[in-house]
Amino acid sequence: MKVRPVRIDQVIPSIVERDAVSHHTLEAQRVLHSMGFVSEIYACSMGPGLAGRVHPLSELPRYEPERQWVCYQASIGSPAADAVVSHPGLKLVDYHNISPAELIERWMPQLGAEVRLGRRQLAELAPVVELGFADSEFNRGELAEAGYRNTMVAPLMVDTANFYSPPDPHVVRRLQAARAIGGHDWLFVGQMLPHKAHHDVIKALACSRRIFDPQARLHLVGRESCAAYADALRRFVSALGLTDAVEFVGSISPGELSAYYTSADVLVCCSDHEGFCVPLLEAMHHRLPVVAYGVAAVSETLLDAGIVLPDKSPVLVAAAVQRVLTDHDLRDSLVRAGLRRTRSFTVEGARRAFAQAVEQVLQAV
Amino acid sequence: MTSEVVAQIEAQVSQMRATGQVPPELEGELDECFEEVAQASLASAASRGASDSDPGARDRMAGRAGSMGLVQLRRQATAAARRRLGPSFRRLERRGALAVARLGEAASIRVHVTADHLERLAASSPRASRVLSAARPGEPTASVAGAVRPSIDGPLLAWVLERIGATAAAGARETPAVVLHTECGDGRVVEALAGRGFDVRGADPRAPVRADGDTRIVAAGALEYLGATESGTLDGLLLTGVVDRLRPGEGRVLAQLAARCLAPGGVVVLVSARPEAVVALDPVAADLAHRRPLHPVTWCHLLARHGLSVLAVFEPDANEPDVFAVSAQRPAPAIFAGGGSA
C-alpha cells in the first residue's frame, strides 16, 4: 500500500480573529479536511472565540513521520518554529513575510528582536522543509534566498468578510455629512505600526492641503499596535494643525470598514514593507483607486491597478493623489483594472492553489 | 499605462519645484517636525517604563490576543471608577466578589452531582458509562481507546457478518475480498471474518505485537490507518470504537476516508453507541462529553454526502439496547453493475 499521511497539522505562533494570516490558517484547515486529512491547528497563543478550534502548541502530537506532516505558518519569531524543527514529521512552511527589524526596533526593541529571531528561524527551517510556499512572488523570493530548495506561490486565502459586508449606514451618513465642506477623503487601512509609515501619509496630506486640496481629510483605520508610535502620530497631527483633518479610527467591524471604503476617494499607502497587503485588494474590490509606494510586494499585488510610486516624497504622493482625483478617465481605468485584479484573487482559486501545493508534495515524496 | 502616468506626475512635481509652487522647505520641515514628535513620544514612553512602547504590541502585530492590554484596561477602568463612584463602587466590588464566590460554589456542586450521576449511569447502562468515561476531557487517547471496546455479539454480530459477507464479497474486485476492522479489540470479529474466507486485517491503537507472528492486527488508530490506506482498496470496512467518541468534525472526516478507501461495490458497516444512551440519560453528565457518538440519521447523511448508498440500519434490540449499526455501499460503476446497454 502507498503510505499517505493521515494528518497534516498546522502550527502558528498565534491566532486571532480578523487577522489575515489567522484567517488563511483556518481556511487551510478546511482545505486539508476536504482532502481527507485529519488536520488540527496548534498555536502558542490564541484569541477569544477560537477556543475549541485551536489547540495549545504543547498538545502537538508526534506520530510516525510518514503519518503526520506539519505545516508552519511563518510570520514572526516564535518558539513554535523550534517545535516544528524538532518534529519528526515531514515539514511544510507557508511564509507570509517577516517585517525587517530595522523598520521596527527604534519604536519596539523587543519586537525588533523577535522579527530578527523569525528571520533566523526561517533560515534554520530551510534544510528540513520539503516545500516552502509563499503568498506572493516577493515572499517566494525571500524563501529561495533563505535556502529553501522547493518553493512555490500559493495565494493568500483572503477573508472576504471585508469585501461583502454591507456598509454601516451610520458611518456612511457621518462621512457624507463631513463632505459638505468640500475636499476629498483619503483612506489608509493597516495596523498602526512604524513600518506602515502612517506618518508619511500624514506628510503627504499636509502637502496636499497646502498645494492642492485645502479641505482634504485622512482616515486612518487599524488597531493601534504601538502606543509610542500612535502617540507620535497624534502629536504630529496636532503640531501640523491637522486635528480636524485626520481621524484615528482604530479597529472596526467589517461593516464599518466597508463604509470607509465606499465613502473614501482614494486609498493611500506609504508602507515601508508589505508582504502582500490585503487592504489594497479590499480597496480595489470597493472601486477605490489606490496610490501606493511600490515597495516589497505592493507592486506585485497591485500590478497595473493602482498608481505605484518609485519614492514617497510627500509632494509626489500628494500630486499623484490629486491626479487620480481630478483625472476621471484615469480614475475609471484604475477602478476597472482593480476589479479585474481582485477577480484573480478568488478564495476558490486560492484554495485550489493550496491544495495543489499539498498534492505536489504528496506526489514528490 | 500607469508607468506613463507616474512619469507625468514626476515631471509635474519637478516643474512645480522649479517654479516655486512647492515651498522648498516644506518637506524638510515636515521631516523635522515628525522627528521631534517621535523623539518626544519615545522619551515619554521610556519615562513610563514602557521601553517597548506597548507590552502587548508584538502580540497584536503577530495577531496575538492582547491579554496584557485587557489587564491594564481593567486596572485603569477600576481606578477611574473608584475615583468617580467612591463608596458606591466599593459596595459593587463586594457584591461582585460575592457573586464570584457563589459561582464557584455552584460549579463545585455541579461537579459533585455529575460524579454522582456517572456512578448511577455505570450501574444502569455499562456501555453508556464506558462511553462517557472515555469522553471525559483530559483522558489520554490511549486509555480512551482501551476503555471502549466493540461488544459485537448475538444478533448484531450476525447482522454485521451478513452485511460485510454478502455485499462485500459481491462487490469484490479480487478473491478473497479485503476487509478492515478498525479498533478491533481482541480480534474476535477479525477471526470470525477470516473464518468466512476474507483477507481481513484489524487495526487497534492498543493492539500488542502478536507473539505468533500474525500481522493481521496492527497497532494503529482508525483515522491514521484509513488515512494511510490507498484509495479504493478495501472491499469491506467495519468501524467500531472510534465512532463512539468523535470530536466535532471527525465524523465527516471518517465518512470521507471510508468513502475514499472503499473499492467500487465495497461496504462499510459502523457499529456505534446510541447518542441517546449518553445524552438522554443525564444532561448534566452529557454536557461534559466533548467526544460523543453520532445519531444513525447523522451517519446516514454523512455517508450519503460522500457518495455512499445507505443499505440498512440495525436498530437497537433487547440484547443490545444502546447500540445501532449502519451499513452503506460505494456504488459500483455501471460497467460492473451488469445490464450494459446495447
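This write-up is about the structure you can find in this document. (Residues numbered from 1 in each chain as written. Chains lettered and ligands numbered in written order. Predicted model: local features only at pLDDT ≥ 70, side-chain atom pairs only at ≥ 80, totals over all residues.)

A short note on the overall build of chain A
No. 1: In terms of helices and strands, chain A carries 14 helices and 13 strands.
No. 2: Counting the 365 residues in chain A, one finds 57% classified as buried.
No. 3: Taking as baseline every contact in chain A between residues at least 6 positions apart, the subset at least 24 positions apart corresponds to 68%. (Helix = DSSP H or I, 4+ residues; strand = E, 2+ residues; numbered from the N terminus. Buried ≥ 20, exposed ≤ 12 C-beta atoms within 10 Å, placed from the backbone. Contact = placed C-beta atoms within 7 Å.)

Concerning the overall build of chain B
No. 1: Tallying secondary structure elements over chain B gives 15 helices and seven strands in all.
No. 2: Residues counted as buried form 37% of the 342 residues belonging to chain B.
No. 3: Residue pairs in contact within chain B that sit at least 24 positions apart in sequence constitute 65% of those at least 6 positions apart.

Remarks on unusual backbone geometry
No. 1: Here the phi dihedral of Arg287 of chain A falls at roughly 60°; this positive angle occurs in a residue that is not glycine.
No. 2: Among the secondary structure elements, Arg287 of chain A is positioned in the loop between helix H10 (278–285) and strand S12 (290–293).
No. 3: Judged by local crowding, Arg287 of chain A falls into the partly exposed class, with 16 C-beta atoms found within 10 Å.
No. 4: Phi at Glu183 of chain B is positive, roughly 50°, even though this residue is not glycine.
No. 5: Residue Glu183 of chain B is classed as buried on the basis of its 26 C-beta neighbours within 10 Å.

Regarding the nonpolar core
No. 1: Val268, Cys269, Val290 and Val291 of chain A together with Ala258 of chain B are the most contacted members of the largest nonpolar core, which totals 190 residues.
No. 2: Broken down by element, the residue count for this core peaks at nine residues, all from helix H12 (residues 314–326) of chain A.
No. 3: Counting the residues that make up this core, at least three belong to each of domain 1 (7–158 + 346–364) and domain 2 (161–343) of chain A.
No. 4: Ignoring anything within four residues of it in the chain, the contact list for Val290 of chain A reads Leu267, Cys269, Leu280, Ala283, Met284, Leu302, Gly306 and Ile307 of chain A. (Core = buried A, V, L, I, M, F, W, Y, C linked by C-beta atoms within 7 Å. Domains from an automatic or database assignment.)

Some points on the packing of helix H7 (residues 198–211) of chain A against helix H8 (residues 227–239) of chain A
All names here are of chain A.
No. 1: Running from N to C, H7 and H8 cross one another at 10°; their axes reach a closest spacing of 10 Å. The orientation of H7 with respect to H8, classified from their angle, is roughly parallel. Of the residues in H8, those in contact with His198, His199 and Ile202 of H7 are Leu233, Phe236 and Val237.
No. 2: Of the residues belonging to the contact of H7 with H8, the class tally is four nonpolar, two polar and no charged. (Axes fitted to C-alpha atoms, helices over the stretch in contact; angles between N-to-C directions. Parallel < 35°, antiparallel > 145°, perpendicular 65-115°, else oblique. Nonpolar A, V, L, I, M, F, W, Y, C, P; charged D, E, K, R; others polar.)

As for the interface of chain B and chain A
No. 1: Across the boundary between the two partners, chain B contributes 48 residues, which contact 64 residues of chain A.
No. 2: Elements that contribute at least two residues to the side of chain B that touches chain A include exactly helix H1 (2–18), helix H2 (26–47), helix H3 (57–61), helix H10 (222–227) and helix H11 (250–261) of chain B.
No. 3: It is H2 of chain B that contributes the most residues to the side of chain B that touches chain A, twelve residues altogether.
No. 4: For the side of chain B that touches chain A, a count of residues per class yields 24 nonpolar, 13 polar and eleven charged.

Some remarks on the sheet that holds S12 of chain A
All names here are of chain A.
No. 1: An order of S10-S9-S8-S11-S12-S13 is seen for the six strands of this open sheet, with the pairing classed as parallel. Looking along the sheet, the strands with just one partner apiece sit at the ends: strand S10 (246–250) and strand S13 (307–309). On average, each strand axis in the sheet is inclined to that of its neighbour by 20°, with strand direction left out of account.
No. 2: One ladder, built from three bridges, connects S12 with S13; its direction is parallel. Residue pairing across strands places Ala292 opposite Val308, the latter belonging to S13. (Pairing = 2+ DSSP bridges.)

Some details on the pairing of S10 of chain A
All names here are of chain A.
No. 1: Direction of pairing for strand S9 (residues 217–221) relative to S10: parallel, over a ladder of four bridges. Note on S10: the bridge partner recorded for Val221 is Gly250.
No. 2: As for the winding sense of the linkage, the β-α-β connection from S9 through H8 to S10 is right-handed. (Right-handed = clockwise from strand over helix to strand, strands pointing away.)

Quick look at the packing of H7 of chain A against H12 of chain A
All names here are of chain A.
No. 1: Between H7 and H12, the least distance of the axes is 8 Å, while the angle of their chain directions is 65°. Considering the relative orientation of H7 and H12, their crossing is right-handed. Where H7 abuts H12, its residues Lys203, Ala204, Ala206, Cys207, Ser208 and Ile211 lie against Pro314, Val315, Val317, Ala318, Val321 and Gln322.
No. 2: Class assignment for the residues of the contact of H7 with H12 results in nine nonpolar, two polar and one charged. (Left-handed = near helix turned anticlockwise from the far one by under 90°.)

Brief notes about the sheet that holds strand S2 (residues 199–203) of chain B
No. 1: Read from one edge of the open sheet, seven strands run S3-S2-S1-S4-S5-S7-S6 (chain B), paired in mixed fashion. Of all the strands in the sheet, the pair left with one neighbour each is strand S3 (217–218) and strand S6 (309–314) of chain B.

With respect to the environment of Ala126 of chain A
All names here are of chain A.
No. 1: On the secondary structure map, Ala126 appears in the loop between helix H3 (109–125) and strand S6 (129–134).
No. 2: Residue classification places Ala126 among the partly exposed residues on the basis of 17 C-beta atoms within 10 Å.
No. 3: Put simply, Ala126 and Leu92 are 34 residues apart on the chain and 9.7 Å apart in space, counted from C-alpha to C-alpha.

Observations concerning H8 of chain A
No. 1: For H8 of chain A, built from 13 residues, the straight-helix expectation of 18 Å at 1.5 Å per residue is met to within 8% by its first-to-last C-alpha distance of 18 Å.
No. 2: By the burial criterion, the buried members of H8 of chain A are Ala227, Ala228, Tyr229, Ala230, Asp231, Ala232, Leu233, Phe236 and Val237 of chain A.
No. 3: In this structure, the buried residues of H8 of chain A make contact with H7 and S10 of chain A together with H2 of chain B. (Expected span 1.5 Å × (residues − 1).)

Examining H10 of chain A
Residues and elements named next belong to chain A.
No. 1: The buried count for H10 comes to eight of eight residues, which makes it a mostly enclosed element.
No. 2: Of all the residues in H10, the buried ones are Val278, Pro279, Leu280, Leu281, Glu282, Ala283, Met284 and His285.
No. 3: Just downstream of H10 lies Arg287, where phi reads positive at about 60°.

As for the pairing of S2 of chain B
All names here are of chain B.
No. 1: Counting buried residues in S2 gives four out of five residues, a clear majority hidden from the surface.
No. 2: Where strand S1 (residues 178–182) lies against S2, five bridges are found, and the strand directions are parallel. Each bridged residue has a counterpart across the sheet, and for His181 the counterpart in S2 is Gly202.
No. 3: Taken together, the two bridges between S2 and S3 define a ladder with parallel strand orientation. Within S3, the residue paired with Gly202 across the bridge is Ile217.

Remarks on the environment of Gly190 of chain A
Residue and element names in this part refer to chain A.
No. 1: On the secondary structure map, Gly190 appears in the loop between strand S8 (185–189) and H7.
No. 2: Take Gly190: there are 21 C-beta atoms within 10 Å of it, and that puts it in the buried class.
No. 3: As a C-alpha pair, Gly190 and Leu220 span 30 residues in sequence and 7.8 Å in three-dimensional space.
No. 4: When sequence neighbours within four positions are dropped, the list of residues in contact with Gly190 reads Lys196, Gly222, Ser271 and Pro279.

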